[in-house]
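Understanding the architecture of this molecule
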Amino acid sequence: MINDNAVYKIKDSVDLFLSNEKYILAYFMNTRQRKSFKVNEETVHLLECIDGTKSLAEIKEVMRKKYDVLPLYVTNIIKAMVKERIITEINKNNNILLEDEIQRYSRQINYFAEFLDSEEKGIAAQRKLMDSTVIIFGIGAVGGDIAIELAMAGIGKIILYDFDQVEVSDACRHMYFKEKYINKNKTSVLKEELQRINKNIKVEVLQESMKPDTNIEDIIKSVDFAVNTMDEPYIGYTASKISRVCIKYNIAHYIAGGFDAHLASTGELIIPYITPCVECYAKHFKKTLKDWNPKKHPVRTRYKEIGGLASMSLFSTSYACIEIIKYMAGLIPMEKSFKIRGEFLFTDMSLTYLDVEKNIDCPICGGGLKYES
Ligand SMILES: [Zn+2]
(Lines give C-alpha, C1' and ligand atoms only; values in the text may rest on other atoms or scores of the structure.)
Protein backbone atom coordinates (compact mmCIF):
# COMPACT_ATOMS: atom_id res chain seq x y z
CA MET A 1 0.00 0.00 0.00
CA ILE A 2 1.24 3.44 -0.94
CA ASN A 3 0.23 6.43 1.12
CA ASP A 4 1.22 10.07 0.85
CA ASN A 5 2.68 10.29 4.35
CA ALA A 6 5.10 7.43 3.77
CA VAL A 7 8.81 8.27 3.65
CA TYR A 8 10.94 6.14 1.33
CA LYS A 9 14.65 5.54 1.04
CA ILE A 10 16.90 3.61 -1.27
CA LYS A 11 17.80 0.46 0.68
CA ASP A 12 21.06 0.74 2.60
CA SER A 13 22.40 -2.37 0.89
CA VAL A 14 21.62 -1.18 -2.65
CA ASP A 15 24.01 0.88 -4.77
CA LEU A 16 22.73 2.60 -7.90
CA PHE A 17 24.78 3.38 -11.00
CA LEU A 18 23.62 5.50 -13.89
CA SER A 19 24.97 4.52 -17.25
CA ASN A 20 24.78 6.88 -20.25
CA GLU A 21 21.90 8.65 -18.51
CA LYS A 22 19.61 5.93 -19.83
CA TYR A 23 20.08 2.87 -17.65
CA ILE A 24 20.07 2.50 -13.92
CA LEU A 25 21.99 -0.47 -12.61
CA ALA A 26 20.95 -1.57 -9.10
CA TYR A 27 23.60 -3.56 -7.31
CA PHE A 28 22.45 -5.53 -4.25
CA MET A 29 25.49 -5.85 -2.01
CA ASN A 30 24.35 -8.79 0.12
CA THR A 31 23.08 -11.03 -2.64
CA ARG A 32 25.42 -9.77 -5.39
CA GLN A 33 22.32 -9.49 -7.55
CA ARG A 34 22.22 -6.87 -10.30
CA LYS A 35 19.16 -5.43 -12.00
CA SER A 36 19.20 -2.89 -14.77
CA PHE A 37 16.36 -0.62 -15.88
CA LYS A 38 15.92 1.69 -18.79
CA VAL A 39 15.05 5.07 -17.32
CA ASN A 40 14.04 8.52 -18.48
CA GLU A 41 15.23 11.82 -17.10
CA GLU A 42 12.18 12.16 -14.81
CA THR A 43 12.95 8.86 -13.10
CA VAL A 44 16.55 9.89 -12.50
CA HIS A 45 15.29 13.10 -10.85
CA LEU A 46 12.78 11.10 -8.85
CA LEU A 47 15.52 8.83 -7.53
CA GLU A 48 17.46 11.89 -6.40
CA CYS A 49 14.38 13.01 -4.49
CA ILE A 50 14.05 9.77 -2.53
CA ASP A 51 16.48 10.87 0.15
CA GLY A 52 14.97 9.24 3.23
CA THR A 53 13.52 12.50 4.56
CA LYS A 54 10.73 13.56 2.20
CA SER A 55 7.25 12.10 2.35
CA LEU A 56 5.64 10.86 -0.83
CA ALA A 57 3.44 13.98 -0.87
CA GLU A 58 6.54 16.20 -0.69
CA ILE A 59 8.25 14.23 -3.44
CA LYS A 60 5.20 14.61 -5.66
CA GLU A 61 5.21 18.34 -5.00
CA VAL A 62 8.90 18.71 -5.91
CA MET A 63 8.49 16.58 -9.05
CA ARG A 64 5.46 18.57 -10.17
CA LYS A 65 6.95 22.01 -9.54
CA LYS A 66 10.49 21.42 -10.72
CA TYR A 67 10.07 18.88 -13.48
CA ASP A 68 6.37 19.05 -14.37
CA VAL A 69 5.83 15.38 -13.57
CA LEU A 70 2.33 14.08 -12.74
CA PRO A 71 1.73 12.67 -9.22
CA LEU A 72 0.35 9.42 -10.66
CA TYR A 73 3.62 8.87 -12.52
CA VAL A 74 5.55 9.32 -9.26
CA THR A 75 3.27 6.83 -7.48
CA ASN A 76 3.70 4.24 -10.22
CA ILE A 77 7.50 4.49 -10.26
CA ILE A 78 7.64 4.29 -6.45
CA LYS A 79 5.44 1.19 -6.52
CA ALA A 80 7.64 -0.44 -9.15
CA MET A 81 10.83 0.29 -7.19
CA VAL A 82 9.35 -1.11 -3.98
CA LYS A 83 8.39 -4.24 -5.87
CA GLU A 84 11.93 -4.57 -7.22
CA ARG A 85 13.23 -4.16 -3.63
CA ILE A 86 15.33 -1.12 -4.53
CA ILE A 87 13.57 1.27 -2.18
CA THR A 88 11.79 0.69 1.09
CA GLU A 89 9.36 2.64 3.19
CA ILE A 90 11.07 3.91 6.33
CA ASN A 91 9.46 2.39 9.29
CA LYS A 92 8.62 5.22 11.66
CA ASN A 93 6.40 4.15 14.50
CA ASN A 94 6.48 0.41 14.43
CA ASN A 95 5.40 -1.55 17.46
CA ILE A 96 7.40 -4.58 16.46
CA LEU A 97 10.64 -3.73 18.28
CA LEU A 98 11.80 -1.17 20.81
CA GLU A 99 14.21 1.52 19.65
CA ASP A 100 17.20 -0.01 21.48
CA GLU A 101 16.38 -3.40 19.98
CA ILE A 102 16.33 -1.88 16.50
CA GLN A 103 19.73 -0.32 17.20
CA ARG A 104 21.19 -3.54 18.54
CA TYR A 105 20.10 -5.58 15.52
CA SER A 106 20.28 -2.82 12.89
CA ARG A 107 22.96 -4.50 10.78
CA GLN A 108 21.11 -7.77 10.82
CA ILE A 109 17.76 -6.13 10.06
CA ASN A 110 19.31 -4.36 7.07
CA TYR A 111 20.70 -7.67 5.92
CA PHE A 112 17.33 -9.41 6.30
CA ALA A 113 15.54 -6.57 4.51
CA GLU A 114 17.43 -7.31 1.32
CA PHE A 115 15.61 -10.62 1.02
CA LEU A 116 12.23 -9.14 1.93
CA ASP A 117 9.99 -6.40 0.54
CA SER A 118 10.58 -3.75 3.16
CA GLU A 119 12.54 -2.63 6.17
CA GLU A 120 9.46 -3.34 8.27
CA LYS A 121 9.53 -6.98 7.19
CA GLY A 122 13.23 -7.09 8.12
CA ILE A 123 12.25 -5.90 11.60
CA ALA A 124 9.44 -8.48 11.73
CA ALA A 125 11.96 -11.20 10.78
CA GLN A 126 14.13 -10.12 13.72
CA ARG A 127 11.07 -10.27 15.96
CA LYS A 128 10.47 -13.86 14.86
CA LEU A 129 13.96 -14.81 16.04
CA MET A 130 13.44 -13.00 19.34
CA ASP A 131 10.15 -14.83 19.94
CA SER A 132 11.71 -18.26 19.30
CA THR A 133 13.06 -20.98 21.54
CA VAL A 134 15.83 -23.29 20.37
CA ILE A 135 17.13 -26.35 22.20
CA ILE A 136 20.69 -27.50 21.55
CA PHE A 137 21.52 -31.09 22.41
CA GLY A 138 25.28 -31.33 22.90
CA ILE A 139 27.26 -28.11 23.39
CA GLY A 140 30.75 -29.14 22.31
CA ALA A 141 32.76 -27.58 19.50
CA VAL A 142 29.83 -27.26 17.07
CA GLY A 143 26.80 -27.15 19.41
CA GLY A 144 28.41 -24.65 21.80
CA ASP A 145 29.41 -22.37 18.96
CA ILE A 146 25.92 -22.61 17.43
CA ALA A 147 24.58 -21.38 20.79
CA ILE A 148 26.94 -18.40 20.59
CA GLU A 149 25.94 -17.49 17.03
CA LEU A 150 22.23 -17.84 17.83
CA ALA A 151 22.62 -15.68 20.95
CA MET A 152 24.27 -13.02 18.81
CA ALA A 153 21.40 -13.27 16.32
CA GLY A 154 18.94 -12.67 19.17
CA ILE A 155 17.11 -15.99 19.49
CA GLY A 156 14.84 -15.30 22.49
CA LYS A 157 15.45 -18.45 24.49
CA ILE A 158 18.18 -21.07 24.22
CA ILE A 159 18.07 -24.37 26.10
CA LEU A 160 21.44 -26.07 26.58
CA TYR A 161 21.35 -29.85 27.03
CA ASP A 162 24.62 -31.55 27.96
CA PHE A 163 26.17 -33.46 30.85
CA ASP A 164 29.87 -32.91 30.11
CA GLN A 165 32.60 -30.81 31.71
CA VAL A 166 35.14 -28.55 30.02
CA GLU A 167 38.51 -30.23 29.40
CA VAL A 168 41.88 -28.71 28.66
CA SER A 169 41.82 -30.16 25.12
CA ASP A 170 38.72 -28.06 24.38
CA ALA A 171 41.06 -25.05 24.28
CA CYS A 172 41.61 -25.41 20.55
CA ARG A 173 38.02 -26.33 19.69
CA HIS A 174 35.42 -24.42 21.74
CA MET A 175 34.96 -20.70 21.20
CA TYR A 176 33.71 -20.31 24.78
CA PHE A 177 36.72 -22.04 26.31
CA LYS A 178 38.54 -20.30 29.16
CA GLU A 179 41.16 -21.89 31.39
CA LYS A 180 39.14 -21.05 34.48
CA TYR A 181 36.28 -23.17 33.10
CA ILE A 182 38.25 -26.46 33.10
CA ASN A 183 36.33 -29.19 35.00
CA LYS A 184 33.21 -27.03 35.23
CA ASN A 185 29.92 -28.01 33.63
CA LYS A 186 29.78 -26.89 30.00
CA THR A 187 26.12 -25.90 30.38
CA SER A 188 26.72 -23.44 33.22
CA VAL A 189 29.83 -21.79 31.76
CA LEU A 190 28.26 -21.47 28.33
CA LYS A 191 25.15 -19.95 29.91
CA GLU A 192 27.40 -17.32 31.51
CA GLU A 193 29.08 -16.59 28.18
CA LEU A 194 25.79 -16.30 26.29
CA GLN A 195 24.37 -13.87 28.79
CA ARG A 196 27.51 -11.78 28.57
CA ILE A 197 26.97 -11.55 24.81
CA ASN A 198 23.26 -10.84 25.05
CA LYS A 199 21.66 -10.08 28.40
CA ASN A 200 18.22 -9.93 26.81
CA ILE A 201 17.97 -13.61 25.97
CA LYS A 202 16.87 -16.40 28.30
CA VAL A 203 19.14 -19.39 28.76
CA GLU A 204 17.94 -22.59 30.38
CA VAL A 205 20.28 -25.39 31.37
CA LEU A 206 19.58 -29.14 31.35
CA GLN A 207 22.57 -30.91 32.86
CA GLU A 208 21.68 -34.33 31.52
CA SER A 209 22.88 -37.19 29.38
CA MET A 210 20.66 -39.02 26.92
CA LYS A 211 19.76 -42.61 27.71
CA PRO A 212 17.23 -44.93 26.07
CA ASP A 213 14.66 -44.13 28.75
CA THR A 214 15.27 -40.36 28.78
CA ASN A 215 12.05 -38.57 27.97
CA ILE A 216 12.80 -35.71 25.60
CA GLU A 217 9.27 -35.41 24.25
CA ASP A 218 8.02 -32.80 26.73
CA ILE A 219 10.96 -30.50 26.27
CA ILE A 220 10.99 -30.79 22.45
CA LYS A 221 7.25 -30.04 22.32
CA SER A 222 7.96 -26.68 23.94
CA VAL A 223 10.53 -25.41 21.42
CA ASP A 224 10.39 -23.93 17.93
CA PHE A 225 13.60 -25.52 16.68
CA ALA A 226 16.01 -28.25 17.83
CA VAL A 227 19.70 -28.73 17.10
CA ASN A 228 21.49 -31.99 17.70
CA THR A 229 25.24 -32.42 18.00
CA MET A 230 25.14 -34.95 20.82
CA ASP A 231 27.60 -37.79 20.22
CA GLU A 232 26.99 -39.80 23.40
CA PRO A 233 26.15 -42.65 23.25
CA TYR A 234 26.59 -41.93 19.51
CA ILE A 235 25.22 -39.46 16.98
CA GLY A 236 23.12 -41.97 15.03
CA TYR A 237 21.23 -42.84 18.20
CA THR A 238 20.63 -39.30 19.45
CA ALA A 239 19.77 -38.02 15.96
CA SER A 240 17.20 -40.77 15.44
CA LYS A 241 15.63 -40.26 18.88
CA ILE A 242 15.44 -36.47 18.52
CA SER A 243 14.33 -36.50 14.89
CA ARG A 244 11.45 -38.91 15.56
CA VAL A 245 10.03 -36.64 18.25
CA CYS A 246 10.57 -33.48 16.17
CA ILE A 247 8.79 -35.00 13.18
CA LYS A 248 5.92 -36.12 15.40
CA TYR A 249 5.38 -32.52 16.54
CA ASN A 250 6.26 -30.93 13.21
CA ILE A 251 9.36 -29.13 14.53
CA ALA A 252 12.23 -28.37 12.17
CA HIS A 253 15.65 -29.43 13.39
CA TYR A 254 19.29 -29.51 12.41
CA ILE A 255 21.71 -32.39 12.80
CA ALA A 256 24.87 -30.36 12.99
CA GLY A 257 27.70 -32.40 14.32
CA GLY A 258 28.82 -35.23 16.49
CA PHE A 259 29.71 -37.38 13.49
CA ASP A 260 33.11 -39.05 13.62
CA ALA A 261 33.86 -37.13 10.46
CA HIS A 262 31.84 -34.05 11.37
CA LEU A 263 34.67 -31.66 10.73
CA ALA A 264 33.97 -32.10 7.04
CA SER A 265 30.20 -32.06 7.23
CA THR A 266 27.70 -29.26 6.80
CA GLY A 267 25.13 -31.31 8.72
CA GLU A 268 21.53 -31.19 7.56
CA LEU A 269 18.41 -29.12 8.03
CA ILE A 270 15.36 -31.32 8.50
CA ILE A 271 11.94 -29.82 7.81
CA PRO A 272 9.29 -32.43 8.66
CA TYR A 273 7.61 -33.99 5.64
CA ILE A 274 9.59 -31.78 3.24
CA THR A 275 13.26 -32.65 3.47
CA PRO A 276 14.64 -36.16 3.99
CA CYS A 277 14.57 -37.03 7.71
CA VAL A 278 17.23 -38.84 9.74
CA GLU A 279 15.73 -42.20 8.77
CA CYS A 280 15.76 -41.24 5.08
CA TYR A 281 19.48 -40.42 5.45
CA ALA A 282 20.06 -43.70 7.30
CA LYS A 283 18.37 -45.61 4.49
CA HIS A 284 20.54 -43.82 1.94
CA PHE A 285 23.75 -44.71 3.79
CA LYS A 286 22.64 -48.29 4.30
CA LYS A 287 22.24 -48.59 0.54
CA THR A 288 25.36 -46.70 -0.53
CA LEU A 289 27.62 -48.30 2.09
CA LYS A 290 26.25 -51.83 1.71
CA ASP A 291 29.57 -53.18 0.42
CA TRP A 292 31.56 -51.59 3.23
CA ASN A 293 32.55 -53.99 5.90
CA PRO A 294 34.07 -51.98 8.73
CA LYS A 295 36.60 -53.79 10.85
CA LYS A 296 36.45 -53.21 14.57
CA HIS A 297 39.12 -50.68 15.50
CA PRO A 298 41.72 -52.30 17.72
CA VAL A 299 42.65 -49.09 19.52
CA ARG A 300 40.26 -48.69 22.43
CA THR A 301 41.13 -45.13 23.42
CA ARG A 302 40.76 -43.94 19.83
CA TYR A 303 37.80 -41.68 20.73
CA LYS A 304 40.12 -39.32 22.57
CA GLU A 305 42.36 -39.02 19.56
CA ILE A 306 39.79 -37.85 17.02
CA GLY A 307 41.11 -34.56 15.72
CA GLY A 308 39.66 -31.11 16.03
CA LEU A 309 40.27 -27.64 14.68
CA ALA A 310 38.27 -24.63 15.83
CA SER A 311 38.21 -23.16 12.32
CA MET A 312 36.65 -26.30 10.87
CA SER A 313 34.11 -26.54 13.71
CA LEU A 314 33.22 -22.91 13.07
CA PHE A 315 32.73 -23.67 9.39
CA SER A 316 30.13 -26.32 10.28
CA THR A 317 28.69 -24.01 12.95
CA SER A 318 28.25 -21.03 10.65
CA TYR A 319 26.89 -23.15 7.82
CA ALA A 320 24.26 -24.58 10.18
CA CYS A 321 23.41 -21.16 11.66
CA ILE A 322 22.94 -19.59 8.24
CA GLU A 323 20.40 -22.29 7.42
CA ILE A 324 18.73 -22.07 10.84
CA ILE A 325 18.42 -18.27 10.74
CA LYS A 326 17.19 -18.28 7.12
CA TYR A 327 14.53 -20.80 8.06
CA MET A 328 13.47 -19.33 11.40
CA ALA A 329 13.35 -15.72 10.25
CA GLY A 330 11.47 -16.72 7.09
CA LEU A 331 13.96 -15.04 4.74
CA ILE A 332 13.97 -17.68 2.01
CA PRO A 333 11.31 -20.29 1.22
CA MET A 334 13.48 -23.16 2.46
CA GLU A 335 10.82 -25.68 1.53
CA LYS A 336 11.82 -25.06 -2.06
CA SER A 337 15.54 -24.48 -1.68
CA PHE A 338 16.80 -26.70 1.12
CA LYS A 339 20.20 -28.33 0.88
CA ILE A 340 21.12 -31.95 1.38
CA ARG A 341 24.13 -32.64 3.60
CA GLY A 342 27.44 -31.56 2.06
CA GLU A 343 31.04 -32.51 2.67
CA PHE A 344 33.63 -29.76 2.89
CA LEU A 345 37.25 -30.76 2.32
CA PHE A 346 40.07 -29.03 4.18
CA THR A 347 42.59 -30.00 1.52
CA ASP A 348 41.06 -28.45 -1.58
CA MET A 349 38.24 -26.34 -0.06
CA SER A 350 35.65 -28.18 -2.13
CA LEU A 351 32.04 -28.52 -1.00
CA THR A 352 30.17 -31.49 -2.42
CA TYR A 353 26.54 -32.27 -1.71
CA LEU A 354 25.26 -35.80 -1.25
CA ASP A 355 22.46 -37.16 -3.36
CA VAL A 356 19.85 -38.13 -0.77
CA GLU A 357 16.14 -38.14 -1.49
CA LYS A 358 13.17 -38.11 0.80
CA ASN A 359 11.84 -41.64 0.98
CA ILE A 360 8.08 -41.56 0.41
CA ASP A 361 7.73 -44.87 2.24
CA CYS A 362 9.79 -43.65 5.21
CA PRO A 363 8.23 -44.96 8.44
CA ILE A 364 8.98 -41.62 10.15
CA CYS A 365 8.29 -38.89 7.60
CA GLY A 366 6.53 -40.80 4.79
CA GLY A 367 3.35 -39.31 3.34
CA GLY A 368 0.73 -41.55 4.96
CA LEU A 369 1.83 -41.09 8.54
CA LYS A 370 1.73 -37.35 8.96
CA TYR A 371 1.08 -36.48 12.59
CA GLU A 372 -1.85 -34.16 13.22
CA SER A 373 -1.66 -32.30 16.51
ZN1 LIG B 1 12.15 -39.94 6.48
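Below is a short write-up of the structure. Bear in mind the structure is a predicted one, so any value in this text is a computation, not a measurement.

Here we look at the overall build of the protein chain
In terms of regular secondary structure, the protein chain is built from 14 helices and 14 strands. When the backbone C-alpha atoms are referred to their principal axes, the protein chain occupies close to 85 × 45 × 45 Å. Residues classed as buried in the protein chain amount to 47% of the 373 residues present. Long-range pairs, those at least 24 residues apart, make up 65% of the contacts in the protein chain between residues at least 6 apart in sequence. Computed over 51 positive and 51 negative side-chain charges, the inter-centroid distance for the protein chain is 2 Å.

Re the coordination of the zinc ion
Bound to the zinc ion on the protein side are Cys277 (SG), Cys280 (SG), Cys362 (SG) and Cys365 (SG), at distances that span 2.3 Å. Geometry at the zinc ion is tetrahedral, judged from its 4 donor atoms and the angles of 99 to 121° they form at the metal. Here the donor residues for the zinc ion map to a single chain with the spacing C-x2-C-x81-C-x2-C. Of this pair, Cys280 sits in helix H11 (residues 278–288) while Cys362 sits in the segment after strand E14 (351–353); the two residues are 82 residues apart in sequence, bridging distant segments of the chain. Cys280 gets classed as buried once you look at its relative accessible area, which sits at 2%.

Details of the environment of Thr53
For Thr53, the location among the structural elements is in strand E5 (residues 51–55). Placed 285 residues apart in sequence, Thr53 and Phe338 show a C-alpha to C-alpha distance of 39 Å. Setting aside residues up to four positions removed in sequence, Thr53 forms contacts with Val7 and Glu58. At 2.9 Å, the side chain of Thr53 forms a polar contact with the side chain of Asp51.

Examining the pattern of salt bridges
Per the counting criterion, the structure on display carries 21 salt bridges. In this structure, Arg127 and Asp131 form a salt bridge, with 3.0 Å as the shortest nitrogen-oxygen distance. Among the ionic pairs, Lys157 bridges to Glu204, the shortest N-O distance being 3.0 Å. Of this pair, Lys157 sits in strand E8 (residues 157–162) while Glu204 sits in strand E9 (residues 202–207), placing them 47 residues apart in sequence. A residue is classified by how much of its surface remains accessible, and Lys157, at 25% relative accessible area, is partly exposed. The class of Glu204 is partly exposed, set by a relative accessible area of 28%. Taken together, the salt bridges that share partners define one network made up of Lys178, Glu192, Glu193 and Arg196.

Let's talk about the packing of aromatic side chains
All told, the structure shown has 5 aromatic pairs when counted by the stated rule. Arranged with centres 4.9 Å apart and planes meeting at 50°, the rings of Phe137 and Tyr161 form a pair that is tilted. Of this pair, Phe137 sits in strand E7 (residues 133–137) while Tyr161 sits in strand E8; the two residues are 24 residues apart in sequence, bridging distant segments of the chain. Clustering of aromatic rings is evident, with ring pairs tying together Phe315, Tyr319 and Phe344. A cation over an aromatic ring shows up here: Lys339 above the ring of Tyr353, its NZ or CZ 4.5 Å from the ring centre.

Re the pairing of strand E1 (residues 7–10)
Bridge count between E1 and E5: 2 bridges; the pairing is antiparallel. Bridge pairing in E5 links Val7 to Ser55. Bridge count for E1 against strand E6 (residues 87–89) is 3 bridges, and the pairing is antiparallel. By the bridge assignment for E6, Ile10 is matched with Ile87.

So, the nonpolar core
Counting 43 residues, the largest nonpolar core has Ile146, Leu150, Ile158, Leu194 and Phe225 as the members making the most contacts within it. When residues of this core are traced back to their parent elements, those giving at least two are helix H6 (119–130), E7, helix H7 (141–153), E8, helix H8 (186–197), strand E10 (225–228) and helix H13 (310–329). The contact partners of Leu194, leaving out residues within four places of it in the chain, are Ala147, Ile148, Ala151, Ile158, Leu160, Ile201 and Val203. By size, the runner-up hydrophobic cluster in this structure holds 22 residues, among which are Leu47, Cys49, Leu56 and Ile87.

Some words on empty space enclosed by the protein
Scanning the model with the defined rule gives 1 cavity of 30 Å³ or more in all. As a volume, the largest cavity reaches approximately 50 Å³. Considering the residues around the largest cavity, the lining is formed by Lys9, Lys11, Asp12, Ser13, Thr88, Asn110, Ala113 and Glu119. Split by residue class, the lining of the largest cavity holds 1 nonpolar, 3 polar and 4 charged.

The rules we used
Residues numbered from 1 in each chain as written. Predicted model: local features only at pLDDT ≥ 70, side-chain atom pairs only at ≥ 80, totals over all residues. Heavy atoms only, no water. Helix = DSSP H or I, 4+ residues; strand = E, 2+ residues; numbered from the N terminus. Buried < 20%, exposed > 50% of the residue type's maximum accessible area, 1.4 Å probe, protein only. Contact = heavy atoms within 4.5 Å. Lys, Arg positive; Asp, Glu negative; His and termini not counted. Charge placed at Lys NZ, Arg CZ, Asp CG, Glu CD. Donors = N, O, S within 2.8 Å, 3.2 Å for Na, K, Ca; no water. Tetrahedral: all angles 85-135°; square planar, octahedral: opposite > 155°, others 65-115°. Polar contact = N/O pair within 3.5 Å; in protein donor to acceptor, adjacent residues only side chain to side chain. Salt bridge = Lys/Arg side-chain N within 4 Å of Asp/Glu carboxyl O. Phe/Tyr/Trp six-rings, centres within 6.5 Å; stacked < 30°, edge-to-face > 60°. Lys NZ or Arg CZ within 6 Å of the ring centre and 35° of its normal. Pairing = 2+ DSSP bridges. Core = buried A, V, L, I, M, F, W, Y, C linked by side-chain atoms within 4.5 Å. 1 Å grid on protein atoms, 1.4 Å probe; cavity = no way out; pocket = protein on both sides within 12 Å on 5 of 7 lines; lining within 4 Å. Points joined across faces, edges and corners; volume = space filled by probe spheres on them. Nonpolar A, V, L, I, M, F, W, Y, C, P; charged D, E, K, R; others polar.

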